[in-house]
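For reference, the chains in residue letters:
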Amino acid sequence: MSKIQQMGNGAVHSIIFSPTGGTKKAVDTLMENISGGAMVNEIDLCDPETCYEDAVFGSDDLALIAIPSYGGHVPKTALERIAQIDGAGVRAVLVCVYGNRAYDNTLAELLDAAVKAGFRPVAAVAAIAEHSIARQVAAGRPDASDAAVLRDMAGKIMEKISAGNENMPGVPGKVTEKQGMSMGMAPGISGDCVKCGLCVRKCPVGAIDADTLKSDSKKCISCMRCISLCPQNARKLNKVITSLGGVALGTLCKKRRECELFL
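Not measured: the values here are computed from a predicted model. (Residues numbered from 1 in each chain as written. Predicted model: local features only at pLDDT ≥ 70, side-chain atom pairs only at ≥ 80, totals over all residues. Heavy atoms only, no water.)

This brings us to the nonpolar core. Considering soluble globular proteins, one finds that nonpolar side chains tend to be buried as a cluster. In this structure, Ile15, Leu30, Leu64, Ile65 and Phe119 are the most contacted members of the largest nonpolar core, which totals 62 residues. Those residues in contact with Leu64 that lie beyond four places of it in its chain are His13, Ser14, Ile15, Val27, Leu30, Met31, Ile34, Val93 and Val95. Counting 7 residues, the second largest nonpolar core, distinct from the first, contains Cys203, Ala207, Leu213 and Cys220. (Core = buried A, V, L, I, M, F, W, Y, C linked by side-chain atoms within 4.5 Å. Buried < 20%, exposed > 50% of the residue type's maximum accessible area, 1.4 Å probe, protein only. Contact = heavy atoms within 4.5 Å.)

Shown next, in the form of structure tokens:
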């Protein structure tokens, strides 16, 4: 079981679910200004071995809770692991990252989950990253323009906190019964696999069999982490499905969407 690092009062914590790295890329840009260069304690919501109940926060700490939007919702796995954490009244900045289509109810669901876990949300951000399945959608984002916007947002967030304004941000969307939905697509395995076992160890939900290396479609949350981490590029989705999905998303996502801040 992985242990969570304990830090002194006034620490900054990154509580993040980033299977393919896009969410972390956006968060790292925000953190450059929010942490002021101080060490950040990262709590990886992708790690099934972490005991999330062990997280301890100081009264002056700040938590940044970040997740990708899955079909306009918070990933179920992230919701379940956030619920295991005792926020202890700590201030929180919420971040949802999406692939340029729409984030729909994601921020509303994340806000609801954070409050139920005991955090005090003071700001929320919707950021853009390369789509985890149709990689041609929002390719290369967050880009330099996004980074500049996110740095400016971080400054405004810290100004609000410094001013003692801890009002909860208003965010779009609503909490629905469909929160936490997965996409229902389990990656397959090709003959290029060398059975290194990395995908088994890194799967956030233990959906890959250690012997056959096949994904259990009932457990898989379609996070695409195994595809992004495979050193042999041996894990793949069905080409027909990804091709059709890419065409559909490409049509829907032609217009460039920008990052949004809610204070």
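This part is about the pairing of strand 1 (residues 12-16). Burial within strand 1 is extensive, with 5 of its 5 residues counted as buried. Side chains Val12, Ser14 and Ile16 project from strand 1 onto one buried face, and the interleaved His13 and Ile15 project onto a second face that is buried too. For strand 1 and strand 2 (residues 40-44), the ladder comprises 5 bridges, and the chain directions are parallel. For Ile15, the partnering residue across the bridge sits in strand 2 and is Ile43. Traced from strand 1 through helix 1 (residues 22-34) to strand 2, the parallel crossover comes out right-handed. As paired strands, strand 1 and strand 3 (residues 62-68) are joined by 5 bridges and run parallel to one another. Residue pairing in the sheet places Val12 in a bridge with Leu62 of strand 3. (Helix = DSSP H or I, 4+ residues; strand = E, 2+ residues; numbered from the N terminus. Pairing = 2+ DSSP bridges. Right-handed = clockwise from strand over helix to strand, strands pointing away.)

In this section: the pattern of salt bridges. Close approach of charged atoms allows side chains with opposite charge to pair. Using the criterion set out here, one finds 12 salt bridges in the structure. In this structure, Glu258 and Arg141 form a salt bridge, with 3.8 Å as the shortest nitrogen-oxygen distance. In this pair, Glu258 is assigned in the loop between helix 7 (239-252) and strand 8 (260-262) and Arg141 in the loop between strand 5 (120-128) and helix 4 (144-162), connecting sequence segments 117 residues apart. With relative accessibility at 36%, the residue Glu258 sits in the partly exposed group. The class for Arg141 is buried, based on a relative accessible area of 7%. Connected via shared salt-bridge partners are Arg141, Asp143, Asp146, Arg256 and Glu258. (Salt bridge = Lys/Arg side-chain N within 4 Å of Asp/Glu carboxyl O.)

Whenever strands of a sheet pair, they do so through backbone hydrogen bonds, lying parallel or antiparallel. If you trace the 6 strands from one edge of the open sheet to the other, you get 2-1-3-4-5-8, paired in mixed fashion. Two strands bound the open sheet, and with one partner strand each, they are strand 2 and strand 8. Adjacent strand axes in the sheet meet at a mean angle of 15° when their direction is disregarded. Strand contacts of helix 4: strand 3, strand 4 (91-98), strand 5 and strand 8, with the helix running at about 170° to strand 5, the strand carrying the most contacts. (Axes fitted to C-alpha atoms, helices over the stretch in contact; angles between N-to-C directions.)

Of all the 11 residues making up helix 3 (residues 106-116), 8 are buried; the element is thus mostly covered by neighbouring parts of the structure. Of the residues making up helix 3, those classed as buried are Thr106, Leu107, Ala108, Glu109, Leu110, Leu111, Ala113 and Ala114. In this structure, the buried residues of helix 3 make contact with strand 3, helix 2 (76-83), strand 4, strand 5 and strand 8. Residue Gly118 follows helix 3 closely and has a positive phi angle near 100°.

Glancing now at the pairing of strand 5. Of all 9 residues in strand 5, 8 are buried, a share of seventy percent or more. In this region the chain leaves strand 4, passes through helix 3 and returns to the parallel neighbour strand 5; the handedness of that crossover is right-handed. Inspection of the sheet shows strand 5 paired to strand 8 by 3 bridges, in the antiparallel sense. Along strand 8, the bridge assignment pairs Val125 with Leu261.

A distance of 3.4 Å separates a polar atom in the side chain of Arg141 from a polar atom in the side chain of Asn100. Polar contacts involving the side chain of Arg141 include one to the side chain of Asp146, which spans 2.7 Å. Excluding its chain neighbours within four sequence positions, the residues that come into contact with Arg141 are Asn100, Ile128, Ala129, Glu130, Asp146, Arg256, Arg257 and Glu258. (Polar contact = N/O pair within 3.5 Å; in protein donor to acceptor, adjacent residues only side chain to side chain.)

The next subject is the packing of helix 1 against helix 4. Running from N to C, helix 1 and helix 4 cross one another at 45°; their axes reach a closest spacing of 8 Å. On the basis of the axis angle, helix 1 is oblique to helix 4. The way helix 1 lies across helix 4 gives a crossing that is right-handed. Contact residues: Ala26, Thr29, Leu30, Glu32, Asn33 and Ile34 in helix 1; Ala147, Leu150, Arg151, Met153, Ala154 and Met158 in helix 4. Considered class by class, the residues forming the contact of helix 1 with helix 4 number 8 nonpolar, 2 polar and 2 charged. (Parallel < 35°, antiparallel > 145°, perpendicular 65-115°, else oblique. Left-handed = near helix turned anticlockwise from the far one by under 90°. Nonpolar A, V, L, I, M, F, W, Y, C, P; charged D, E, K, R; others polar.)

These figures come from the coordinates and say nothing about function on their own.
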